[in-house]
Amino acid sequence: MYFKLAFRNVKRQLGNYMIYFITVALTVALLFAVNNIIYSRNLAVFVDRGESAKTTLQIIVVMISMVVAFVLSYATSFLLKRRKREFGTYLTLGMTRRDLLTIFLVETLLICLIALGAGLAAGSFLFQGLMAVMMKLLEMRFAIAAYSAEGFSRTILLTVGIFLTASIASAVYLKSVSIYDLIHGEKKVEKGVRHPVCWFSLTFVSLAGMLACGGLFFREMDKVLSGGAKLEDAGILLSGFILSVVGFHAGLAKSMVALFLRLPGFRSRGSNTFVLRQLSGSLSANALMFGALALLMTFAVVGTNFSFIQKAGQEEALLSEYPYDIMYYSNKYERGEEFPLEAAEAVIEKYAGIKKRIPYRIFETGRQDFYSRTKWYEEWMAPGDSFMPVSDFNAVMAPLGVEPVSLEGQYMIVGNNPIVGESDWSDMVYEWGGKSYTYHSCRLDYPKISYLYFYVVVPDEAVQGMECVEQSVAYLTEQNRFDGMALEQALRQVIYVFPDGGLEGMEEADGRLEFEIREYHRQEENNVSAILVVGALFVSAVFLLLAMAILALKTLSTLGEDRQRYEICFRLGMGEREQCRALFRQTFSFFLLPFVLPCVMSIPVAWFGRHVLRIARMEAAADTVPLITGIVAAGMAVLYLLYYTAAYLIAKRTVVRGG
C-alpha cells in the first residue's frame, strides 16, 4: 500500500521534484565520470605517477560527496516543508510517524533510482568528454576509453551513502515536528527586519572591506610571486575578504527591501509593494545562506579560471625555463667528478637525435665582489661570483633568436630570479687581470641557461686566469616530440650506473639529473594540468549545481504561502500577466543576489591572470585570459538560467491564477 501511495505521490509531485531530480542526476553523472577516470586502467598509462593522481582525485571525490550529502539533506528538508500540510493530514487521519517516514523514504528512493539511472547514462557520455579533455591536456590522441566496474560500483556506493544521509535528516525532521506545525505552518507570519539602517551600514562597510581586502590580496600575491612577501599575509587578507562577502550579502538581504519601501515613487508603481513584501521575509531569513552560496560559486569560478590560465601559460613557461630541447649542466661540485658525456649523447641520439650541440662555460674567481652587493648577501650563504665569456653567451643565445651582445671593457649581469633586479651594480668597477670593467646593464629577460641566481657576462679576455667550473652543453634535437620520460630514465642509467652494472648510489639515482629535458618537463606539466583541470571542473560543476539547487528548492519551498497571497491578489483584480511579472521579479531577485559576485569576480580574476602572465613575459598566454574567463562566466550563466527557468515555470504553474 505504501509503495502505491508513494508512487502516486511521485507522479503527482513530479514538477516539484524536478529540481531535486536534475541535481541528483547531474551529480551522479559527475561522480560516475570522475570515478571511472580514477579507476580506469588508462590513468596509470597516460599519467606519470598514476597512483598519486588517483589518490588526489579520490580525496576530492570523497570530500565533494560529503558536501553533496549535506546539501541534499538540506534539499530534502525543503521538499518536506513543501508538503507539510499533506503530511499533517496523514497524521491526523491516523498514520504513525513511522508510516509517514516510510512513505517519504519510498518516494525519495524512487526519485533517486530514476535519477541514478539517468545519471549513469549521462555519466557514460560525460566520462568520455572528460577523457577527451584529459587527452587534449596530455597532448595525446583521443580514443574511446573503457569503463571501470570498480568506478561503477563506487558511484553506486557513494549515491547510496548520500541517500542514507538525506534520509536521516528527513527522519529527524518528521520525528520532531508537531502536527500543528505541519497543518498550520503556512499561516505563520514572517517577522520583519529590525534596524534596516544598521544592516545597510553593515552592507556598506562589508563592501568597502571586500574591495580593500581583494585589492590588497592581489597586491600581496603579486609580491609573493616576485619573492618579496610572505604567503601568510595574503591568507589573512583572504580571510578578511571571506568575512566581508558574508557580511555584505547578509546586510544587503536584510536592508534592501526596507530601503526600497522608503522610495515612494518606486513602491507605488504597479505591484512593486507586493513584490517587496514577498521578498522581505525570504531575503531576511536566508541572509547568511546568500553569503555562503556566493562564496561557494566565487571559489568555483576562480578555481576553474586559474586552472585553465595555468594551462594557457604552460607552453610559454616551458620555453622560458627550458629554452633548448635538452640542456646539460655539469655538476662538478655535487658529483665530485665528471662522467663520460659521449655515452649520454649516444642515448640522446637514440631517442631524439642531435641536430646541433652548443657548448658554453662558467668560470669562477673564488671571490664575491658581485654577490657582496646583493640584498641577500648577509642573509644567505652566497656562492662565489660566476662569469661567462661573451663569445660563449652569444653562441648559446643565437639559435634562440637573441641579438648578440658587444662588451668592450664592460660587464653585463644576467639574472634568473626577479630579486636580482633589486640590487645595484651601476657604480661598480670590476678589477681583474690588471684591467677594469664598467657596468653595462642588468638583464632579467634572457632565456634561462643556468641554475645560478645570476652570472656575469664579460669579454673573453676577462676569464683568463679564472677557474672553469662548469662545461655545459645545449642541444637542439632532430625530433620535436619524443618520449621525454623514457629518455630521462635512460640517462639516469648512464649517469648513475657503474660499467659493471652496479648502482653508484640509489639516493643519487633519485636525485637531480644534470640533464634538463624539455619534453620530460612538458609531460610532467601536462600530468599536473590534466589532474588540476579535471579536478577543478568536477569541483566547480558540483558546487554550482548545489548552489543553484539550493536557490531553486528554497524558492519552491515557499510556494504554499505564495499561492495564498497570489490568490488574494487575483481576487483583488490582479490579472494573469501582472501576476507573472510580479512572480518573475520576486524569484529573479531572489536568485540574482548571490549570483552577481561570482560573475563580477571574473573581471579581477582576468586582470590578475593577465598581470601574472605578463610578469612572466607570457604575452600570448595573457591574451587568451579574457576568452577563458568569458567562457567560464558564460557556462555559469547558462547553468543559472536553466535552474532559474525550471524554478520559475514550476512556481508559475503553482501560484499564478488565470481568469
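Residues numbered from 1 in each chain as written. Predicted model: local features only at pLDDT ≥ 70, side-chain atom pairs only at ≥ 80, totals over all residues. Heavy atoms only, no water.

What about the overall build of the protein?
And step 1. Counting its regular elements, the protein contains 25 helices and nine strands.
And step 2. Contacts spanning at least 24 positions in sequence make up 84% of the contacts within the protein whose residues lie at least 6 apart.
And step 3. As displayed, the protein has an accessible area near 31,300 Å², and 63% of this comes from carbon and sulfur atoms. (Helix = DSSP H or I, 4+ residues; strand = E, 2+ residues; numbered from the N terminus. Contact = heavy atoms within 4.5 Å. Areas by Shrake-Rupley, 256 points an atom, 1.4 Å probe, with all protein chains shown as cover.)

Examining the packing of helix 13 (residues 287-312) against helix 24 (residues 602-615)
And step 1. It is at 11 Å that the axes of helix 13 and helix 24 come closest, and there the two elements cross at 25 degrees. One element, helix 13, and the other, helix 24, form an angle in the roughly parallel class. In this structure, the crossing between helix 13 and helix 24 has a hand that is right-handed. Touching Val301, Val302, Asn305, Phe306 and Ile309 of helix 13 are Ser602, Val605, Phe608, Gly609 and Leu613, all from helix 24.
And step 2. Split into classes, the residues belonging to the contact of helix 13 with helix 24 amount to seven nonpolar, three polar and no charged. (Axes fitted to C-alpha atoms, helices over the stretch in contact; angles between N-to-C directions. Parallel < 35°, antiparallel > 145°, perpendicular 65-115°, else oblique. Left-handed = near helix turned anticlockwise from the far one by under 90°. Nonpolar A, V, L, I, M, F, W, Y, C, P; charged D, E, K, R; others polar.)

Observations concerning the pattern of salt bridges
And step 1. Scanning all chains against the criterion turns up 15 salt bridges.
And step 2. Residue Arg585 pairs with Glu578 through a salt bridge whose shortest N-O separation is 3.9 Å.
And step 3. For Arg585, a relative accessible area of 27% puts it in the partly exposed group.
And step 4. Among the charged side chains, a network of salt bridges with common partners joins Arg481, Glu519 and Arg522. (Salt bridge = Lys/Arg side-chain N within 4 Å of Asp/Glu carboxyl O. Buried < 20%, exposed > 50% of the residue type's maximum accessible area, 1.4 Å probe, protein only.)

Observations concerning the pairing of strand 2 (residues 354-364)
And step 1. Where strand 2 and strand 8 (residues 467-477) come together, 10 bridges link them in antiparallel fashion. Along strand 8, the bridge assignment pairs Arg361 with Gln471.
And step 2. Relative to strand 3 (residues 386-389), strand 2 runs antiparallel, the two sharing two bridges. In the sheet register, Phe363 faces strand 3, and the bridge partner there is Phe387. (Pairing = 2+ DSSP bridges.)

Observations regarding the sheet that holds strand 9 (residues 515-517)
And step 1. Judged by pairing direction, the sheet is mixed, and its nine strands sit side by side in the order 5-6-4-7-3-2-8-1-9 without closing on themselves. Only two strands of the sheet have a single partner each, and these edge strands are strand 5 (430-432) and strand 9. Each adjacent strand pair in this sheet contributes to an overall mean axis angle of 30 degrees, direction not counted.
And step 2. Direction of pairing for strand 1 (residues 326-328) relative to strand 8: antiparallel, over a ladder of three bridges. When the sheet's bridge partners are listed, Ile326 is paired in strand 8 with Tyr475.

Quick notes on the environment of Phe204
And step 1. Inspection of the secondary structure puts Phe204 in helix 9 (residues 196-225).
And step 2. For Phe204 and Phe248, which are 44 residues apart along the polypeptide, the C-alpha to C-alpha distance reads 7.4 Å.

Here's the deal with the side chain of Thr304
And step 1. Following the sequence through the fold, Thr304 ends up in helix 13.
And step 2. In terms of polar contacts, Thr304 uses its side chain to reach the side chain of Ser540, at 2.5 Å.
And step 3. With near-sequence residues (within four places) excluded, Thr304 lies in contact with Ala536, Leu537, Ser540 and Val632. (Polar contact = N/O pair within 3.5 Å; in protein donor to acceptor, adjacent residues only side chain to side chain.)

Side note on the confidence of the model for the protein
Any region with low pLDDT has predicted coordinates that should not be read closely.
And step 1. Of the residues in the protein, 85% have a pLDDT of 70 or more, and the chain-wide mean is 80.
And step 2. The model gives residues 498-511 a pLDDT under 50, and that stretch makes 18 contacts with residues more than four places away or in other chains. (pLDDT = per-residue confidence, 0-100.)

Notes on the side chain of Gln586
And step 1. Within the secondary structure, Gln586 is located in helix 22 (residues 576-592).
And step 2. The buried category is assigned to Gln586, whose relative accessible area is 8%.
And step 3. There is a polar contact of 3.2 Å between the side chain of Gln586 and the side chain of Gln278.
And step 4. Each residue touching Gln586, except ones within four places of it in the same chain, is listed here: Val275, Gln278, Leu279, Asp562 and Tyr566.

A word on the pairing of strand 6 (residues 435-443)
And step 1. Where strand 4 (residues 410-415) lies against strand 6, five bridges are found, and the strand directions are parallel. Its bridge partner lying in strand 6, Met412 is registered against Ser441.
And step 2. When strand 5 meets strand 6, the two strands line up antiparallel, connected through three bridges. By the bridge assignment, Tyr430 is partnered in strand 6 with Tyr437.
And step 3. Remark: two residues form the turn of the hairpin made by strand 5 and strand 6, two consecutive strands paired antiparallel; Gly433 in that turn has positive phi of roughly 60 degrees.

Quick notes on the packing of aromatic side chains
And step 1. Considering all chains together, one arrives at 31 aromatic pairs under this definition.
And step 2. Judged by centre distance (6.0 Å) and plane angle (75 degrees), the rings of Tyr411 and Tyr439 are edge-to-face. Placement of Tyr411 in strand 4 and of Tyr439 in strand 6 is noted, with a sequence separation of 28 residues between them.
And step 3. Residue Tyr411 is classed as buried on the basis of its relative accessible area, which comes to 0%.
And step 4. Pairwise contacts between aromatic rings join Phe584, Phe588, Phe591, Phe595, Tyr640, Tyr644 and Tyr648 into one cluster. (Phe/Tyr/Trp six-rings, centres within 6.5 Å; stacked < 30°, edge-to-face > 60°.)

What to know about the environment of Ser40
And step 1. Relative to the helices and strands, Ser40 is located in the loop between helix 2 (14-38) and helix 3 (41-46).
And step 2. In this structure, the C-alpha to C-alpha distance between Ser40 and Ala145, residues 105 residues apart in sequence, is 8.2 Å.
And step 3. Excluding anything up to four places from it in sequence, Ser40 contacts Ala146 and Ser148.

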